[in-house]
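Remarks on the overall topology
The chain contents come next:
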Amino acid sequence: MNPLYLKCVLANDLQSDTVRPWPGNFSNVARQARLIEAAGFDALVCADPESFSQKLSKQNGFSYENYTLSAALTAITKTLKLIIPVPTSCSEPYNVARRLAAIDHISNGRTAWIATPVADYDTLAHYNSIVTDNDPYERAGEFIDVTNKLWNSWSAEAIIIRDNGRSGVDARHNKPIQHVGKHFSVMGPLDVPRPPYGPIPIAWTDISEAGKKLAVRHASCIFTDQPTMTHASHFKDEIHQCLLMQGRKKEDIKIITNLTVTLTSATETGGSTHPAMMQETHQPERPTYIGHAEGLLNFMKRWHDHKATDGFNLIWSQGESGLIAFAKTRGAGVVNLLQ
């Protein structure tokens, strides 16, 4: 079974039955990150890309700036991968490349990023220098190209380790990228060493037609809402065909299904596995599971055996209380059984 994925709840959880400090207290977020890692998950998304919307920010409360949060979480986690959303319509490649590279060095290569071609006015209105009539997907494509060029502007031989243990830089191995495009003109090279494992992997959430075209060029995984195994299988086949046309391999992108989870105890479900339930949310629909931990295992295994998905992004309807309940089942719970 491929790794599972989990979004981190950053806003105040009104349904949580635990004692909650105000949502700006970092200990609240740190506690959740430790729970996620202890439960055996592979990664967390450090903030929801939609949190860049002013409207949703007012609804959901305070959340940290993504880079600051991710850097802080690297200090309290050991194996958890950190996925950082980046709105490409209101960011600059050079700044993003150096921030992500720095976090990747601090975390020893545990970083990924979500390139988000944000196009809504509420978000762009905060950035006076951004031209709002540009094609956000065209800009995002060039943004990714420039960022990767900047990371590759340092070769592996650029860092010199001297006999006394001190390090230095051989500038001969740092090359300007001299990029001149429609949206960006960047000289380079970057002022931060190449990330430990090369260009940082990209996760993707936009599955519009324009979004899918960019995903098959650049992404390592796609987070997607698919209401049934049939829909998910068709989507996976479509992405695989597009990858082959792009000259990439099917295994180059992992398809990660978003799954809303409500965990119950065995007594609440009569001691038997509660069936997975489909709830009508937004379009496209997202599968929703209601039941106990072992039933969740069976649900996910069925999707995986059907080759409908490569992994899951679990989203707790109960907020932090659901995460705590899940972590308590780890000894005989889903992640342990999957492994």
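Our subject in this report is the structure included herewith. (Residues numbered from 1 in each chain as written. Predicted model: local features only at pLDDT ≥ 70, side-chain atom pairs only at ≥ 80, totals over all residues. Heavy atoms only, no water.)

Glancing now at the overall build of the protein. The number of helices and strands found in the protein is eleven helices and 14 strands. Within the protein, the fraction of its 339 residues that count as buried is 50%. Counting only contacts in the protein whose residues sit at least 6 apart along the sequence, the fraction spanning at least 24 positions is 74%. When the accessible surface of the protein is totalled, it reaches about 16,400 Å², and 51% of it is carbon and sulfur. (Helix = DSSP H or I, 4+ residues; strand = E, 2+ residues; numbered from the N terminus. Buried < 20%, exposed > 50% of the residue type's maximum accessible area, 1.4 Å probe, protein only. Contact = heavy atoms within 4.5 Å. Areas by Shrake-Rupley, 256 points an atom, 1.4 Å probe, with all protein chains shown as cover.)

In this section: the pairing of strand S3 (residues 81-87). Counting buried positions over the seven residues of S3 gives six, a clear majority of the element. Both strand S2 (residues 43-45) and S3 contribute to a ladder of three bridges, which runs parallel. Residue pairing in the sheet places Leu44 in a bridge with Leu82 of S3. Here six bridges tie S3 to strand S4 (residues 111-116), and the two strands are oriented parallel to one another. Bridge pairing links Pro85 to Ile114 in S4. Tracing the backbone out of S3, into helix H4 (residues 93-106) and back to the parallel element S4 gives a crossover that is right-handed. (Pairing = 2+ DSSP bridges. Right-handed = clockwise from strand over helix to strand, strands pointing away.)

With 13 residues, helix H9 (residues 293-305) ought to run about 18 Å at 1.5 Å a step, and its terminal C-alpha atoms sit 18 Å apart, in line with that. Those residues of H9 not exposed but buried are Ala293, Gly295, Leu296, Leu297, Phe299, Met300 and Trp303. Lys307 lies just past H9 and shows a positive phi near 60°. (Expected span 1.5 Å × (residues − 1).)

Another point: unusual backbone geometry. Omega for the peptide link from Gly188 to Pro189 comes to 0°, which places this bond in the cis form. Within the secondary structure, Pro189 sits in the loop between strand S8 (185-186) and strand S9 (202-204). Backbone geometry places Gln178, a non-glycine residue, at a positive phi of 50°. In this structure Gln178 comes out as exposed when scored by relative accessible area, which is 57%. Residues other than glycine seldom take positive phi values, yet Lys307 does so here, at roughly 60°.

Another point: the pattern of salt bridges. Summed over the entire model, instances satisfying the criterion amount to ten salt bridges. Where Lys212 meets Glu209, a salt bridge forms, and the shortest distance between an N and an O atom there is 3.0 Å. Of the two residues, Lys212 and Glu209 are both situated in helix H7 (residues 209-218); the distance of three residues between them amounts to about one turn of the helix. Ionic pairing is found between Lys236 and Asp310, a salt bridge with its closest N-O pair at 3.0 Å. In this pair, Lys236 is assigned in helix H8 (residues 229-245) and Asp310 in the loop between H9 and strand S14 (311-316), connecting sequence segments 74 residues apart. A network of salt bridges, in which partner residues are shared, links Glu209, Lys212 and Glu238. (Salt bridge = Lys/Arg side-chain N within 4 Å of Asp/Glu carboxyl O.)

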